[in-house]
Amino acid sequence: MKYSKRYIVLTILIAISFWLKFQVFELDNSEVGSFRGGTLKERAWNPLVAKDVNSKLLRLVIDNKEYTNEQLHFYMDENRSIMVPISILTEALNCSVGIYEKEKLLVEKHNFAATFQLNQKKADSSGETVTIDSPLIEEDGAYYVSINDLSDMLDYGYNFDIQTNTLTTADNAEDKASLPASYDLRTRKRVSEIRNQGKYGTCWAFAATSAMESSLLPEQSYLFSVDHMSMSNSFSLSQYDGGDYTMGMAYLAAWQGPVYEKDDPYGDGKSNHKLKAVKHVQEMRILGAKDYAAIKDAVFKYGGVQTTLYSAMTSATSKSAYYNRSKKSYCYIGTEKSNHAVTIIGWDDNYPKENFSVPLEENGAFICQNSWGSSFGEDGIFYVSYYDTNIGTHNVVYTKIEETDNYDNIYQSDLCGWTGKIGYDKEEIYAANVFTANGDETVIAAGFYATAPDTEYEIYMVNDFKDEASLLDRTLVAQGTVKDAGYYTIDFEQGIPVKADEKYAVVVYVHTPNATHPMAIEYDSKDGFHDNVNLEDGEGYISYTGKNFMNVKEKQNCNLCIKAFTNNP
């Protein structure tokens, strides 16, 4: 037949197309395809593969955590490397990540360290210079690194299945939870400026701002105002009265701060209440008491951890039997409660027990930043034994500090934050806060406190709120679980529009293991700090079953700690 040759050629081409579509390629080989006896070079072949991969749903599975290119921007480049934003690495790889001088990326995990230079195909793998397939790049203000190269340098195994368009990578380490025996944020340039609280009881605010500043380093270097946090908040106290970590959390969660030190300098006895927050703090995790593994992990991944201890001293010149001045070490063992806040910036499991003034069983110490100036300890830094009675009892780490354009508006009635808890002597509760829209907006997120670890949550929206019965007509917009206690902001799967002057409700269901009062509330605890609690700015409801709701202001004289975040059109 005169067309038989054409049919044969067409059949061959179709067969080759199907073979190309379903063939599995290993991303680390350098084989190329062949056609009619000729070799297709990598520079021609790889872009074709990358184009095909990027045209479909691309999945990335890292240590059993799945990401897709619908959720995040990542892609296969022309070297057949999967390029991922470094913003996901801390959580995805459970590692330490830092960008230095806008051109160097340091990633640490276990005892491995991977250092990439911007646009360079040479990298440092735990002290050894190696050639990589794809360099660190910057696109539209975001940095991207090859997960293939990074996997090699951190001892991860990986493979790519082109049939499912999925890259899977997993930690090969036998002990996947291991951390270095010692770690010091000073050597990573992630410790903020040493300052001196002087005569005031503001250590809690210094510890909070120092921890925040550390969490933003090395990429962003700021000095936040302690005066503003300790004076321009919603609490009725002076700088001499002291404070605690929940006060700093309330001030930050309410977007009352932080502000820059230069705009509200310390120690002048006044504060500018009109200043606007220069960052929006959307997540603050409270680590378990004496959970040293969690504290170390937080320092490693996020930066300084705010904590407390009992100090028998009041300044750099004080003397105490618990402080070894020559070794810059401290250990208190006794029944006194915490009275001083510091920031943990590292640890040393082998720090000699002989360096302390009291006899101890084993070595080990946290490295802590104080607020008594550089004349104290090692330029403001000292060592606190793992055996200290109070160190690591109350701990906060600032895990999500965002720019102020993240949301346009905040709705809230809990300016004093978490001052108490409410519940039905059960592990679960439904709670709803009602707000009135200031304009045509879209509700896109909600904030709440998890009062204990492993809290499961469901978040619902209610449009056109009329009364308690309206809360039964709710739409699920988000759900999940948070590992640690703390304050969280949860983005909705889809925004919910509201009209100007429309009353709407955010309903939060929480299930908190072993809790009897799982919902955080704001109320006047009659301790002298909460005299300014305003119960006229909120309308909240609670229910055990989610069917019959009662008004918490009328029945319990409190506000619920639930916030809403919206964007303008």
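Here goes a summary of the coordinates provided. (Residues numbered from 1 in each chain as written. Predicted model: local features only at pLDDT ≥ 70, side-chain atom pairs only at ≥ 80, totals over all residues. Heavy atoms only, no water.)

Notes on the pattern of salt bridges
Stage number 1. Applying the stated criterion across every chain, the model contains 18 salt bridges.
Stage number 2. Across the salt bridge formed by lysine 400 and glutamate 283, the nearest N and O atoms sit 4.0 Å from each other. Of this pair, lysine 400 sits in strand β24 (residues 395-402) while glutamate 283 sits in strand β17 (residues 280-287), placing them 117 residues apart in sequence.
Stage number 3. For lysine 400, a relative accessible area of 28% gives the class partly exposed.
Stage number 4. Accessibility expressed as a relative area gives 8% for glutamate 283, which makes it buried.
Stage number 5. Because the salt bridges share partners, they merge into one network encompassing Glu91, Glu283, Arg285 and Lys400. (Salt bridge = Lys/Arg side-chain N within 4 Å of Asp/Glu carboxyl O. Helix = DSSP H or I, 4+ residues; strand = E, 2+ residues; numbered from the N terminus. Buried < 20%, exposed > 50% of the residue type's maximum accessible area, 1.4 Å probe, protein only.)

Thoughts on the pairing of strand β28 (residues 441-450)
Stage number 1. Most of β28 is tucked away, with eight of its ten residues classed as buried.
Stage number 2. Summarising the sheet, β28 and strand β31 (residues 485-498) pair through nine bridges and their orientation is antiparallel. Each bridged residue has a counterpart across the sheet, and for phenylalanine 448 the counterpart in β31 is tyrosine 488.
Stage number 3. Pairing geometry for β28 and strand β37 (residues 562-567), over six bridges, is antiparallel. Across the sheet, the residue bridging to glycine 447 is lysine 563, located in β37. (Pairing = 2+ DSSP bridges.)

Considerations on the sheet that holds strand β36 (residues 559-560)
Strand pairing in a sheet relies on backbone hydrogen bonds. The paired strands run either parallel or antiparallel.
Stage number 1. Taking strand neighbours across the sheet as the criterion, the three strands line up as β26-β33-β36 in an open arrangement whose pairing is antiparallel. Each having just a single partner strand, β26 (420-422) and β36 make up the two edges of the open sheet.
Stage number 2. Looking at chain direction, strand β33 (residues 519-522) and β36 are connected through two bridges and run antiparallel. The residue bridging isoleucine 521 from the neighbouring strand is leucine 560, located in β36.

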